[in-house]
Amino acid sequence: LTRRMANGPGADWAYLGMAGAIGSLATSSVLQAVDGIALKVLVDAWAAAPDAQKATLFQVAFGTRQIEIGLASIVTLLTGLTVCVYGISLIVDRDRPKWLGSLGIIDGGLLMISGIVTAYTGFSGTAMTLSMPSSTLLLVWVILIFRF
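What comes next is a walk through the structure. Position labels on residues start from 1 in each chain and follow its written sequence. Where local features are concerned, this predicted model is filtered to residues with pLDDT of at least 70; where side-chain atom pairs are given and counted, the filter is 80 or more; whole-chain, interface and lining totals use all residues. With hydrogens and water excluded, all non-hydrogen atoms of the structure serve as input to the side-chain values.

### Brief notes about the overall build of the chain
So, point 1. What the chain contains, in helices and strands, is four helices and zero strands.
So, point 2. Taken from N to C terminus, the helices and strands of the chain fall in the order α-α-α-α.
So, point 3. The size measure is the radius of gyration over C-alpha atoms, and the globule rule it meets is 2.2 Å times the number of residues to the 0.38 power. Here the chain has a C-alpha radius of gyration of 19 Å; the compact-globule value for 148 residues is 15 Å, and the former is much larger.
So, point 4. Referenced to the eigenvectors of the C-alpha coordinate spread, the extents of the chain come out at roughly 65 × 30 × 20 Å.
So, point 5. Think of it in three bands: residues with accessible area under 20% of the maximum for their type are buried, residues over 50% are exposed, and the middle band is partly exposed, with areas taken using a 1.4 Å probe on protein chains only. Buried positions account for 38% of the 148 residues belonging to the chain.
So, point 6. Throughout, a contact is declared for two residues whenever any of their heavy atoms are within 4.5 Å. Across the chain, contacts joining residues at least 24 apart in sequence account for 72% of those joining residues at least 6 apart.
So, point 7. For the chain, the computed accessible surface area is about 8300 Å², with 71% contributed by carbon and sulfur atoms. Counting from the N terminus, the helices are DSSP H or I runs at least four residues long and the strands are E runs at least two residues long. Methods summary: accessible areas were calculated by the Shrake-Rupley approach with a probe of 1.4 Å, and residue burial reflects only the protein chains presented.

In C-alpha cells, the structure reads:
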C-alpha cells in the first residue's frame, strides 16, 4: 500500500503507516515466540515435573501467560493505530475512495479499544467479543484495499 501511494498526497501518512506495520509485525513475532514456544515449553515442563515442582512451574507459566496477554494487547493497539494511519493516508489521497479510509479509521479504533480491553481483562469474553469482529473487519478492509 505504501508503494502504491508513494507519489501521492497521502505518501507521508502511508510511510508512517509502513513504520507502524513493521512495528506491529515485529511485536507480533515476539508474541508468537512467547505464546508458541516459551509457554509451550513451560507447560510441557509442568506436565512432566514431579509434584514438588508443579506449583513453582505453574507460577512461572502463569507469569509467562501474563506477558503473552500484555504483548497481545500491544500488538492489537499498534495494529489499530497503524490501520488508522493508513486510513488517514487513504482519505488524504485523491485517487482512493474516502469511504475506504473511513472504514480503516473505524476499524483501527475498534482494534485499539480491543487492545485496551485485553490489557485490562486479559483474554476475557469481552475482549474476544471485541477482538473477533474487529479482526474480521481488518481482513475485509485489507482485501478491499487491493481491490481499489
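There's more to say after this.
### Some details on the packing of aromatic side chains
So, point 1. Note on aromatic pairs: the rings of Phe, Tyr and Trp (six-membered ring only in Trp) are paired at centre separations within 6.5 Å, and the planes decide the class, stacked below 30 degrees, edge-to-face beyond 60, tilted for the rest. Summed over all chains, the structure comprises one aromatic pair.
So, point 2. Judged by centre distance (5.4 Å) and plane angle (90°), the ring pair of Trp 99 and Phe 148 falls under edge-to-face. With Trp 99 in helix 3 (residues 98–121) and Phe 148 in the segment after helix 4 (125–145), the pair connects residues that are 49 residues apart, well separated along the chain.
So, point 3. Looking at Trp 99, the relative accessible area reads 44%, which means it is partly exposed.
So, point 4. Whether a charge sits over a ring comes down to the Lys NZ or Arg CZ being within 6 Å of the ring centre and within 35 degrees of the ring normal. Above the face of the Trp 46 ring, Lys 54 is positioned so that its terminal group lies 4.4 Å from the ring centre.

### Some points on the packing of helix 3 against helix 4
So, point 1. Every angle, taken between N-to-C directions, lies between 0 and 180 degrees, and every axis is a line fitted to C-alpha atoms, over only the stretch in contact when it is a helix. As a packed pair, helix 3 and helix 4 sit with axes 9 Å apart at the nearest point and diverge in direction by 155°. In this view, helix 3 runs roughly antiparallel relative to helix 4, as classed from their interaxial angle. Between helix 3 and helix 4 the crossing geometry is left-handed. Residue-level contacts link Trp 99, Leu 100, Leu 103, Gly 104, Asp 107, Leu 110, Leu 111, Ile 113, Ser 114, Val 117, Thr 118 and Thr 121 of helix 3 to Thr 126, Ala 127, Leu 130, Ser 131, Ser 134, Ser 135, Leu 137, Leu 138, Trp 141, Leu 144 and Ile 145 of helix 4.
So, point 2. Residues were grouped as follows: Ala, Val, Leu, Ile, Met, Phe, Trp, Tyr, Cys and Pro as nonpolar; Asp, Glu, Lys and Arg as charged; and all remaining residues, including Gly, as polar. Per-class residue counts for the contact of helix 3 with helix 4 are 14 nonpolar, eight polar and one charged. Orientation is classified from the angle alone, with under 35 degrees giving roughly parallel, over 145 giving roughly antiparallel, 65 to 115 giving roughly perpendicular, and any other angle giving oblique. Crossing handedness is read from the near helix: turned anticlockwise from the far helix by less than a right angle, it gives a left-handed crossing, and turned clockwise, a right-handed one.

### Structural notes on helix 1 (residues 11–48)
So, point 1. Every helix has an expected span of 1.5 Å times one less than the residues it contains. Its 38 residues give helix 1 an end-to-end C-alpha distance of 54 Å, which sits within 8% of 56 Å, the value for a rise of 1.5 Å per residue.
So, point 2. Throughout, the bend at a residue refers to the angle made by two axes, fitted to the seven residues ending there and to the seven starting there. Taking the largest bend as the criterion, helix 1 deviates by roughly 30°, centred on Leu 39.
So, point 3. Looking at helix 1, one finds that the buried residues are Ala 11, Ala 14, Gly 17, Gly 20, Ser 24, Thr 27, Leu 31, Val 34, Leu 39 and Leu 42.
So, point 4. Residues of helix 1 that are buried make contact with helix 2 (51–92).

Keep in mind that these numbers describe shape and distance, not what the molecule does.
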